[in-house]
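Overview (structure and organization)
If you want the building blocks of each chain, they are given just below.
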Amino acid sequence: VSARLVLTAALLTAGAPARLAAQAIELAEVERTLETLAEAYGVSGMEGPVRDEVRRLLPPWAKAETDTAGNLWVRVGSGGPVVVFVAHLDEIGFRVSAVRDDGTLELERLGGFFPSIFEGRAALVHTGAAVVPGVILPRDSVGDTPRRSPPPLRADVGAGSRADALARGVRVGSTVTMPKEYTRLAGTRATGRSFDDRVGSAALLVALRHLDRSRLRHEVIFLWSVREEVGLEGAEVAARALGTTAARVHAVDTFVSADAPFELQAFGSAPLGAGAVIRAVDNSAIAPVPLVDSLRALAASRGIPLQLGATSGGNDGSAFAPWGVPDVPIAWPLRYAHSPAEVADLADVTALARLVRAIAEDW
Amino acid sequence: MRLAPILAMTLFTGGTAHARAAHAQAAPATAAQLAVRLAAIPAPVGYESRLADTVLALLPGARRDRAGSVVLTAGTGTPRRLIACRLDEPGWVVGGIRSDGYLTLRRLPGLAPPLFDQQLEGHRVSLLGERGVVPGVVGVRSVHLTRGRRVDDSPYTADDAFVDVGARTEAEARGLGLRETTPLTLEKRPHRYGDSLLAAPVAGARAGCAALLRAAAGARPARGSVTAAFVVEQGLSGRGILTAVNAGGPFEEVVVLDTGREAGVTVAPDSTLGRSVRAPAARWRLRVRYAGTPVETVHLGAVAALERRIAEWIRGAR
């Protein structure tokens, strides 16, 4: 990770106030964790590589279990009321739906995104056993009245025939992504693909590492879910398993922010750099007002910057609704969601990790 | 910051004796390896100096001409022949810096493929700032916030682009070494796939320059002289090749490396080009797939074959 951050931390430790040094170290840990998770691949249904990284990054004392759906569970503390945090492991991408006679691969979208931004780009086909590089084909011709949207997308792994493609390990059901890399931008900003929801996953990990278990007065479940992008499928399995046991659930996921000049400004008004966000209203859930107010008071008492907003999209916590479990989603603001250019502010992620810890210990 | 960008920044800056020595020591062993390396270097039209510096460092005896092209002449006397490849590529410059730190763009003049600006949307760019390469992204509407609303399906243009470098203010953006007219391209990540395929923006042109560089470094004409030119602004006014002709000519024969759709390397006489350079001229076309896209693809085996063919031509084969 960031030599710059480590250097900053060292300099601050040498002469500046301890508080600033601690913040820099906290930011460096968040960045290191996020970078690792953001560079792992895990299209919905093939989250194994991401789950393995989360498991590897858990504190040594944590006992992790994987359920039949593929969700990763860590239980801390004991007794009720049980509080659940859930961040999702999966990312948007494609699934190979057919292998043509000419060796090209027909693609089916997994998750919501604009296909035009994946047209004519480098690709990686994940077969489960190997990663096969290729490209997502550009359209054959533009025509007289060009449109932004491409025809249905296909991939080319350099195979000249169906048999050749199969010989490279590609199968119907293989998943397809673009290559990706975490990159630091100016200040505390960073870009990467699948920040949604590797940021949430990283925040859970950092919170868990720093959790003061002696302060827990009830059981807290840290859950990393699968297949969120294709319909909250992993969270539904977890919710069914817990039934009415859970007293409260916190989806830890993206707040799709309108913090860009070309976005509709009617809502989504949580700017980057101003802290974590209570995702009080989205397409799937409405957080109960008394809990929202209580959470804001908790954050204020710990000096955690916290915004409040309404945005679009669904969240894993809403899968717990049939069992009457209140959902208070917490988030961080993200620009350009579901694109290869997602941008977040590491200071917001730090705030989110601190908020998770505060909720677990004190709420 | 990761190590790879730091290395890339070092490579792009070029120019110093130290950097040249480093480049010379690290000269790729094959034309294929060199093609991959050159494909990673941005050279927007009019701002080709980083790529030119690299070519200069890898080609002992070469020099910059008054247009900024890199030229190397082997042999003396007549016949005088010229072979050229193109350094430049389409690109953009910063058109303005907003108070909120976002950058707006202007497309550079010259030829560009269809839907070229659309390649920007939602992708990374490399800004060639005063203090090195600055990474950025071009914003894209979040699909969540557009769901259920009318979405314009007309092609994306540079007028729609807002570049995010992480700056919160104009001063912060300028502090990164950015200003109006800072050039940029898509971030270059050459991508290998299949059996010896290379995908990258302008992969064909870079492969041509790699083959020319390797051939020019190793072959000498049996009689007369051959000038190898790595020319600038080919997609704009042809300033690079015309300067090479006017300053180093007249030539008895001119070859320009280009790209095409036919298999292998094809040779096509070009009378229009010939009139411009006042000599019999031909285009040697290296086959590419997906031309003009971020995944323009070239077969690296064909690059090696092109290198051999150029070397034979330099030695005097017809």
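Residues numbered from 1 in each chain as written. Chains lettered and ligands numbered in written order. Predicted model: local features only at pLDDT ≥ 70, side-chain atom pairs only at ≥ 80, totals over all residues. Heavy atoms only, no water.

Regarding the state of the cysteines
Working definition of a disulfide: a covalent bond connecting the sulfur atoms of two cysteines. Residue and element names in this part refer to chain B. Convention followed: Only a pair of cysteine sulfur atoms within 2.5 Å counts as a disulfide in this structure description. Only DSSP runs of H or I with at least four residues qualify as helices, and only runs of E with at least two residues qualify as strands; both kinds are numbered from the N terminus onward. Classification of residues uses two cut-offs on accessible area relative to the type maximum, computed with a 1.4 Å probe and protein chains only: under 20% is buried, over 50% is exposed, and between them is partly exposed.
One pass over the full model with this rule turns up one disulfide over all chains. The disulfide partner of Cys-85 is Cys-209, and the gap between their sulfur atoms is 2.1 Å. The sign of the 105 degrees torsion about the S-S bond sets the Cys-85-Cys-209 disulfide as right-handed. Remark: Cys-209 occurs in helix α7 (residues 203-218) and Cys-85 occurs in strand β3 (residues 80-86); sequence separation between them is 124 residues. With a relative accessible area of 2%, Cys-85 lands in the buried category. The class for Cys-209 is buried, based on a relative accessible area of 1%.

Considering the sheet that holds strand β13 (residues 246-256) of chain A
All names here are of chain A. The cut-off we apply is this: The pairing criterion is simple: DSSP has to find at least two bridges between the two strands. With axes taken as lines fitted to C-alpha atoms, and helix axes fitted only over the stretch in contact, angles between N-to-C directions fall between 0 and 180 degrees. In what follows, residue pairs with any heavy atoms lying within 4.5 Å of each other are defined as contacts.
Spatially, β1-β2-β12-β3-β13-β16-β14-β15 is the arrangement adopted by the eight strands of the open sheet, whose pairing is mixed. Of all strands in the sheet, those bounded by a partner on one side alone are β1 (64-66) and β15 (306-310). Mean inter-strand twist for the sheet, computed between neighbouring axes without regard to direction, equals 30 degrees. Across the sheet, helix α7 (residues 289-301) lies against β13, β14 (276-281), β15 and β16 (330-334), angled at about 155 degrees from β15, the strand it touches most.

Regarding the confidence of the model for chain B
All names here are of chain B. Using the following cut-off: The predictor attaches a confidence to each residue, called pLDDT, with possible values from 0 through 100.
Taken residue by residue, chain B gives an average pLDDT of 91. The fraction at 70 or more is 91%. Of the regions scoring below 50 in pLDDT, residues 1-25 engages in 31 contacts with residues more than four places distant in sequence or in other chains. Scoring the predicted complex yields pTM 0.92 and, for the interface, ipTM 0.93.

Examining the packing of aromatic side chains
Let me state the cut-off plainly: Pairing of aromatic rings covers Phe, Tyr and Trp, the last counted by its six-membered ring, and requires centre-to-centre distances within 6.5 Å; plane angles under 30 degrees mean stacked, over 60 mean edge-to-face, and any other angle means tilted. A ring is considered to have a charge above it if a Lys NZ or an Arg CZ atom is located within 6 Å of its centre and within 35 degrees of its normal.
This model, assessed by the stated rule, comprises ten aromatic pairs over all chains. With 5.6 Å between their ring centres and 85 degrees between their planes, Phe94(A) and Phe118(A) make a pair best called edge-to-face. Separated by 24 residues along the polypeptide, Phe94(A) in strand β4 (residues 93-99) and Phe118(A) in the loop between β5 (105-110) and β6 (122-126) bring together distant segments of the chain. For the pair formed by Phe94(A) and Phe118(A), the shared burial category is buried. On the basis of an interplanar angle of 40 degrees and a centroid distance of 5.7 Å, the ring pair of Phe262(A) and Phe162(B) is categorised as tilted. Taken as a pair, Phe262(A) in the loop between β13 and β14 and Phe162(B) in the loop between α5 (143-146) and β8 (163-164) lie in two separate chains rather than in one. With respect to burial, Phe262(A) and Phe162(B) carry one shared label: buried. Pairwise contacts between aromatic rings join Phe262(A), Tyr336(A), Tyr102(B) and Phe162(B) into one cluster. Between the NZ or CZ atom of Arg213(A) and the centre of the ring of Trp61(A), over which it lies, the distance is 3.9 Å. The lysine or arginine in question, Arg309(B), covers the ring of Trp284(B), its NZ or CZ lying 5.4 Å from the ring centre.

Let's talk about the interface of chain A and chain B
We count it as follows: Here the quantity called buried area is the total loss of accessible area, with a 1.4 Å probe, experienced by two parts when brought into contact, counted for both. Here a polar contact is recorded for every N or O atom pair within 3.5 Å, except that within protein the pair must consist of a potential hydrogen donor and a potential acceptor, and residues adjacent in sequence are included only if both atoms are side-chain atoms. Here the term charged refers only to Asp, Glu, Lys and Arg, the term nonpolar to Ala, Val, Leu, Ile, Met, Phe, Trp, Tyr, Cys and Pro, and the term polar to all other amino acids, Gly among them.
On the chain B side, the residues contacting the 68 residues of chain A number 56 residues. In total, about 4,900 Å² of surface goes out of reach between chain A and chain B, with carbon and sulfur atoms giving 56% of it. Sorting the residues of chain A by area buried against chain B places Phe114(A), Arg148(A) and Phe262(A) first, and these three jointly supply 16% of that buried surface. Inspection of the chain A/chain B interface yields 28 residue pairs in polar contact (both at pLDDT 80 or more). The set of elements that each furnish at least two residues to the side of chain A that touches chain B consists of β6, β7 (131-136), β10 (183-184), β11 (189-191) and β17 (343-345) of chain A. In terms of residue count, the dominant contributor to the side of chain A that touches chain B is β7(A) (four residues). Tallied by class, the residues present in the side of chain A that touches chain B amount to 32 nonpolar, 19 polar and 17 charged.

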